[in-house]
Amino acid sequence: MASQISLELLPRARCFFDEPVQIKVTWLRSRQVVTMRARSTDERGVLFSSSAIYRADDRGEVDLNKQPSIGGSFVGVEPMGLLWSLRAEALHQYFQKEKALEPQVVTFSVHDEEEGRVLAEATSERLLLGDGVTRLPVIEGNINGVLFTPPGAGPFPAVLDLNSFPTEKRAALLANKGFVVLALCVFNVKPENTKEIHLDRFRDGIDFLQRQPKVGGNGVGVLSRSKASDIALSVAAFLPSVKACVWINGRSANTFFPLYYNKRKILSTQLFDNSKVIPTESGAFINKYAHTNPLAEENKGSLIPIEQAKAQFLFVASEDDMCCNSKAYVDEMVERLKRHGKDNFESVCYPRAGHILNLPFSPFCPSSPHGICGYRAIWGGEPRAHAAAEVHLWKKIQEFFRAHLSCDDADESNK
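Residues numbered from 1 in each chain as written. Predicted model: local features only at pLDDT ≥ 70, side-chain atom pairs only at ≥ 80, totals over all residues. Heavy atoms only, no water.

Visitor: Break down the overall build of the chain for me, citing the residues and quoting the values.
Guide: Of the regular secondary structure elements, the chain holds 7 helices and 25 strands. Since a compact globule built from 415 residues should have a radius of gyration of about 22 Å, the 23 Å found for the chain is in line with a globular shape. Each principal axis of the C-alpha distribution contributes one length, and for the chain these read about 75 × 60 × 40 Å. Here the chain holds 415 residues, and the buried ones make up 57% of them. If you take every contact in the chain between residues at least 6 apart in sequence, the share linking residues at least 24 apart comes to 66%. Carbon and sulfur atoms provide 50% of the accessible area of the chain, an area that totals close to 17,800 Å². Taken as two groups, the 49 positive and 49 negative side-chain charges of the chain have centres that lie 2 Å from each other. (Helix = DSSP H or I, 4+ residues; strand = E, 2+ residues; numbered from the N terminus. Rg over C-alpha atoms; globule rule 2.2 N^0.38 Å. Buried < 20%, exposed > 50% of the residue type's maximum accessible area, 1.4 Å probe, protein only. Contact = heavy atoms within 4.5 Å. Areas by Shrake-Rupley, 256 points an atom, 1.4 Å probe, with all protein chains shown as cover. Lys, Arg positive; Asp, Glu negative; His and termini not counted. Charge placed at Lys NZ, Arg CZ, Asp CG, Glu CD.)

If you want it as structure tokens, here you go:
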């Protein structure tokens, strides 16, 4: 009977955003064909949904960890496919989940393939903020951000989470892993109202982090993506307190707005060639080759002098990035550092991933409005490979920071 059918989320329905869940249906008819669906509403009220068709085994069970989807939003064995394949009905939509206080709520359901009726349903709450992690909005001088601190006495390593626009999710989830994290954004005002960017604001953020009583070590880490990545390179190049810098899908030159420090312009902007922006039939544009060669004479003043940085670098490039030619920028930076006798870097490349490398199991976004350029942008990536890259990268980021932001050195120096 349909009332006996059970949809389970294991080991629990309430979990962290980056935790996988086992989705399992029992008490179906032997070899019954069903449709699994997922739906979740983002912070703007936009509904995202996904579906996949499964055939129950001889015992009348469907286990997404073991059995392949035979149709729908994806095919094959993809335990978390219903999450990363969530999409809005309209084109060019990004799943907006930036605030840390509320979990992502996902409703899973199983439907009879022939009649379409709901056989069972279960809801998952995917948390960004764990028990004991404190969230503190910070408005102090040049700083306008949010501080996340893990429970316990510490000391904990500190990370400045740089994003182009306000978001808390990555910082909150990283705090659950034992880091004190300050989330700052590049643009406190709309880009169209921005004329220049000042490095002083990020220096002040680092100083604020290092004053926190639970912070240990003698330096901080910086985590970044896209436009925030060239800011992160400048932070590492000009501020000696940065010990580890994660650069994800950005450029090796300063972009869009001149950069100032101590009231003096330190970097001009890499030239942007509008004629190289490629339109597509969907109405979105490809920016991959629009920024001109960072090594060209006209861009000389925008190239970020990473060779003078003392920090360790993790360069991350998606080879199917349609917003930046990220792999070429990584190659340029690696070659430049080697030429200067440096070995303070490592790099990771993901062949079929796109620009927006997000937290694990985030809804894949092929295109959405570009926050700086204003038009809709193609981000690139093949959904399955992109989702796998996000899982791998999230672990890599934590390993990198733990390796280079150990509090042991500070503890020894205080003895």
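Read on for the rest.
Visitor: Outline the sheet that holds strand S19 (residues 264-267), supporting the account with residue identities and numerical values.
Guide: Strand pairs in the sheet, formed through backbone hydrogen bonds, run parallel or antiparallel to each other. Read from one edge of the open sheet, 3 strands run S15-S18-S19, paired in mixed fashion. Every other strand in the sheet has two partners, leaving strand S15 (197-198) and S19 as the edge strands with one partner each. Pairing between strand S18 (residues 259-261) and S19: 3 bridges, direction antiparallel. Counterpart to Tyr260 in the pairing with S19 is Lys265. Lying on the sheet, helix H4 (residues 227-238) is in contact with S15, S18 and S19; it crosses S19 at an angle near 110°. (Pairing = 2+ DSSP bridges. Axes fitted to C-alpha atoms, helices over the stretch in contact; angles between N-to-C directions.)

Visitor: Lay out the side chain of Thr149 with the relevant residues and their values.
Guide: Assignment of secondary structure puts Thr149 in strand S12 (residues 143-149). Accessibility expressed as a relative area gives 12% for Thr149, which makes it buried. Excluding residues within four positions of it along the chain, Thr149 makes contact with Gly132, Val133, Thr134, Val180 and Lys214.

Visitor: Run through the side chain of His386, naming residues and quoting values.
Guide: Here His386 is to be found in helix H6 (residues 383-404). In contact with His386, other than residues within four places in its own chain, are Arg352, Ala353, Gly354, Ile356, Leu357 and Phe364.

Visitor: How would you summarise helix H5 (residues 326-339) if you had to cite specific residues and measurements?
Guide: Taking 1.5 Å of rise per residue, 14 residues should cover 20 Å, and H5 covers 20 Å from first to last C-alpha, within 8% of that figure. Turning to H5, its buried residues number three or more, namely Ser326, Tyr329, Val330, Glu332, Met333, Val334, Arg336 and Leu337. Contacts from the buried residues of H5 go to H4, strand S17 (242-248), strand S22 (312-318) and strand S23 (345-350). Where H5 ends, the next residue or the one after it, Gly341, has phi of about 75°, a positive value. (Expected span 1.5 Å × (residues − 1).)

Visitor: Requested: an account of the pattern of salt bridges, with residues and values cited.
Guide: In this structure the tally under the stated criterion is 23 salt bridges. Salt-bridge contacts for Arg39 lead to Glu121; the nearest nitrogen and oxygen are separated by 3.2 Å. Taken together, the residues span a long stretch of sequence, with Arg39 in strand S4 (residues 33-41) and Glu121 in strand S10 (residues 118-127) at a distance of 82 residues. Owing to a relative accessible area of 46%, Glu121 belongs among the partly exposed residues under this scheme. A salt bridge links Glu346 to Lys396; its shortest N-O distance comes to 2.8 Å. Residue Glu346 is located in strand S23, and its partner Lys396 is located in helix H6; the two are separated by 50 residues in the primary sequence. The network of salt bridges with shared partners includes Asp57, Arg59 and Glu61. (Salt bridge = Lys/Arg side-chain N within 4 Å of Asp/Glu carboxyl O.)

Visitor: Break down the environment of Asn254 for me, citing the residues and quoting the values.
Guide: Looking at the secondary structure, you find Asn254 in the loop between S17 and S18. For Asn254, a relative accessible area of 0% translates into the label buried. A C-alpha to C-alpha distance of 16 Å links Asn254 and Ala309, two positions 55 residues apart in sequence. Discounting chain neighbours no more than four positions away, the residues touching Asn254 are Lys227, Asp230, Ile231, Leu259, Leu267, Ser268, Thr269, Gln270, Ser302 and Ile304. For Asn254, the side chain forms a polar contact with the main-chain oxygen of Phe257, separated by 2.7 Å. (Polar contact = N/O pair within 3.5 Å; in protein donor to acceptor, adjacent residues only side chain to side chain.)

Visitor: Provide a residue-level description of unusual backbone geometry, including the pertinent values.
Guide: Between Leu10 and the following residue, Pro11, the backbone shows a cis peptide bond with an omega angle of 5°. Tracing the backbone shows Pro11 in the loop between strand S1 (6-10) and strand S2 (14-16). Here the bond from Gly154 into Pro155 is cis, since omega is 5°, no more than 30 degrees from zero. Position of Pro155 relative to the elements: it lies in the loop between S12 and strand S13 (156-163). Located in the positive-phi region is His92, a residue other than glycine, with phi close to 60°.

Visitor: A description of H4 should follow, citing residues and the corresponding values.
Guide: End to end, H4 covers 17 Å across 12 residues, agreeing with the expected 16 Å (1.5 Å per residue, within 8%). For H4, the tally of buried residues reaches 11 of 12 residues, placing the bulk of the element in the interior. Of all the residues in H4, the buried ones are Lys227, Ala228, Ser229, Asp230, Ile231, Ala232, Leu233, Ser234, Val235, Ala236 and Ala237.

Visitor: Describe in detail the environment of Lys97, supporting the description with residues and values.
Guide: Mapped onto the secondary structure, Lys97 falls in the loop between strand S8 (87-88) and strand S9 (104-112). Among the polar contacts listed, one links the side chain of Lys97 to the side chain of Glu43, at a separation of 3.4 Å.

Visitor: Now, about the pairing of S13: what can you tell me, with residues and values included?
Guide: In summary, the side chains of a regular strand alternate between the two faces of the sheet. The buried count for S13 comes to 8 of 8 residues, which makes it a mostly enclosed element. Sheet topology note: the S13/strand S16 (residues 215-223) ladder contains 5 bridges and is parallel. Across the sheet, residue Leu160 finds its bridge partner in S16, namely Val222. Note: S13 against strand S14 (residues 180-185), 6 bridges, orientation parallel. Considered in S14, the bridge of Asp161 is made with Ala183.

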